[in-house]
Amino acid sequence: MEKLDVKLVALDLDDTLLNDDRQISDGNVAALRECAEKGIYVVLCSGRAEDAILPFVKRLEIAGKEAGKFLIAINGCSIFDMHKRQQIFCQKVKPEILLRTNEIAESYGLKTEVYTPDTIYYEQATKWTKLDVDLCGLKGKSVENYTDFLKQGFTKMLVPGEPEELQKLQKILRAEFGDKAVIFTSKPYFLEVLPPNCGKGEAVEWLSNNLGFGIEKAMGFGDSMNDESLIRMVGYGVAMCNGLPEIKKIARFVTDLDNNHDGVADFLKKHVL
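Here we come to the pattern of salt bridges. Under the counting rule described, the total for this entry stands at 24 salt bridges. The closest approach of N and O atoms between aspartate 12 and lysine 200, which form a salt bridge, is 3.0 Å. In this pair, aspartate 12 is assigned in the loop between β1 (8–11) and α1 (13–17) and lysine 200 in helix α8 (residues 200–210), connecting sequence segments 188 residues apart. Classification of lysine 200 as buried rests on a relative accessible area of 0%. For aspartate 134, the salt bridge identified is with lysine 130, shortest N-O distance 2.9 Å. In this pair, aspartate 134 and lysine 130 are both assigned in helix α5 (residues 127–136), 4 residues apart and thus about one turn of the helix distant. In this structure aspartate 134 comes out as partly exposed when scored by relative accessible area, which is 49%.

What follows is the structure, given as structure tokens:
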């Protein structure tokens, strides 16, 4: 079988590169190291903040190479160059959107959170903030004047809560903001508010262009709605076979194996390596 001409591989973490124990298997590690050895950029591309992605970067042991130096965080709002140790691309949600989202969420008895690369900030700790802190591996911190704090703008706001409540809130926020914000559920109990024209696909496009090849030479792996722009925009969109039907529908390829059976490595070996 003829191999695909791929210069960059962007990978979602949860339910894609990670198995259900939230680990990267030895098989997936080996395949991605082989990609980096061949000079193919390997870019972890997650809804998590930068510091929460770093343990997975360390597991791959490719950050020292040119091909392993980038990561994409907050669903595409931030691109980080680990060699320069700096953010090279950043988009923020406008303060007025954050304040209004917080106001509407509060009226439904829900609390919001915002992110920096290493900390989740909220007005008060709840079972939901604890869940998010545990899932992300970031620090959690309550802020006294939370509404004033929001006025500086942040890359992402998250509203955690019961899935049926969040579905209602998602409709309300989308109707209120239109194209001024990107709003979706990344997990059934996490509703995310991101800047407009911001997503994993847009971040990979920016990075691909800056590296001197177009997004048509990029491959993206994902399973969920926060991977939609990635799968749709890259030249080679790959949906996990355990992914959502909507994602499989827009993907150019679907893996033969799921996230618990080295689905990423299996696909790369067959089509890229």
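Further notes follow.
On to the sheet that holds strand β8 (residues 139–142), then. Hydrogen bonds between backbone groups are what pair the strands of a sheet, and the pairing can be parallel or antiparallel. Across the sheet, 6 strands lie side by side as β8-β7-β6-β9-β11-β10; this open sheet has mixed pairing. Strands with a single pairing partner mark the edges of an open sheet, and in this sheet they are β8 and β10 (182–187). Averaged over all pairs of adjacent strands, the angle between strand axes in this sheet comes to 30°, irrespective of strand direction. Pairing of β10 with strand β11 (residues 190–194), which is carried by 5 bridges, proceeds in the antiparallel orientation. Within β11, the residue paired with threonine 185 across the bridge is leucine 191. Here helix α7 (residues 163–177) sits on the sheet and contacts β9 (157–160), β10 and β11; the angle it forms with β10, its principal contact strand, is near 160°.

Thresholds, definitions, all that
Residues numbered from 1 in each chain as written. Predicted model: local features only at pLDDT ≥ 70, side-chain atom pairs only at ≥ 80, totals over all residues. Heavy atoms only, no water. Salt bridge = Lys/Arg side-chain N within 4 Å of Asp/Glu carboxyl O. Helix = DSSP H or I, 4+ residues; strand = E, 2+ residues; numbered from the N terminus. Buried < 20%, exposed > 50% of the residue type's maximum accessible area, 1.4 Å probe, protein only. Pairing = 2+ DSSP bridges. Axes fitted to C-alpha atoms, helices over the stretch in contact; angles between N-to-C directions. Contact = heavy atoms within 4.5 Å.

Geometry only, nothing functional implied.
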